[in-house]
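In case you want the letters, here they are:
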Amino acid sequence: MSPSTWWLLIGLCVLTTAVTRGAGPAATGGRELPAPAVRVVVLLSSALLAALVVTSALADGTELHVGADTAGAATAGVLLWRRAHLLVVVLGAAAVTAGLRALGVG
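Residues numbered from 1 in each chain as written. Predicted model: local features only at pLDDT ≥ 70, side-chain atom pairs only at ≥ 80, totals over all residues. Heavy atoms only, no water.

Looking at an unreviewed UniProt entry, one finds the protein named Branched-chain amino acid transport protein (AzlD), with Geodermatophilus obscurus as its source organism.

Set out below in structure tokens:
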């Protein structure tokens, strides 16, 4: 792609982000959201993060692929579930991923 195409794409991303972020306050008009809506909105960020982690851990281009990065993400999930410190989670996931890659696991 040419540099002008990249800049156009970046500009469209900026515009889309601004419109998306402004849509919520514009739609509510300063009113408080009902309690059920607040509970759903609070859960959306966790669901989005989980979807991004699963997609990046299982996708390899256009195909599903289980490998070292999947094992690292699973290790992080288990450590978080066991309420380990975040530094331990990151180092544990990195160690598992690096160890499996050193052993030749894709």
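### Here we look at the UniProt feature "transmembrane region" (unreviewed entry) in the protein
How we decide: UniProt positions are given in the numbering used here, feature names are shortened, and annotations may be inferred rather than shown by experiment. Only DSSP runs of H or I with at least four residues qualify as helices, and only runs of E with at least two residues qualify as strands; both kinds are numbered from the N terminus onward.
Here, UniProt's "transmembrane region" (unreviewed entry) annotation points to residues 38-59 and 86-104. Spanning residues 38-59, this segment combines 95% helix with 5% strand, and its end C-alpha atoms are found 32 Å apart. Within residues 86-104, the helical portion is 89% and the strand portion 0%, while the C-alpha atoms at the span's ends are 27 Å from each other.

### Quick look at the packing of helix 3 (residues 68-81) against helix 4 (residues 86-102)
Let me state the cut-off plainly: Each axis is a line fitted through C-alpha atoms, taken for helices only over the stretch in contact, and angles between the N-to-C directions span 0 to 180 degrees. Angles are sorted into four bins: roughly parallel if under 35 degrees, roughly antiparallel if over 145, roughly perpendicular if 65 to 115, and oblique for all others. Handedness of a crossing follows from how the near helix is turned relative to the far one, being left-handed for an anticlockwise turn of less than a right angle and right-handed for a clockwise one. By definition in these notes, contact holds between two residues if any of their heavy atoms fall within 4.5 Å. Gly is placed with the polar residues, together with every amino acid not listed as nonpolar (Ala, Val, Leu, Ile, Met, Phe, Trp, Tyr, Cys and Pro) or charged (Asp, Glu, Lys and Arg).
Helix 4 packs onto helix 3 with a crossing angle of 155° between their chain directions and a minimal axis gap of 8 Å. It follows that helix 3 is roughly antiparallel to helix 4 by the angle criterion. Classified by chirality, the crossing of helix 4 by helix 3 is right-handed. Where helix 3 approaches helix 4, its residues A68, D69, A71, G72, T75, A76, L79 and L80 are matched on the opposing element by V88, V89, G92, A93, V96, T97, L100 and R101. Classifying every residue of the contact of helix 3 with helix 4 gives 10 nonpolar, four polar and two charged.

### A look at the environment of R101
Looking at the element boundaries, R101 is found in helix 4. Spatially, the C-alpha atoms of R101 and A71 are 11 Å apart, while their sequence positions differ by 30 residues.

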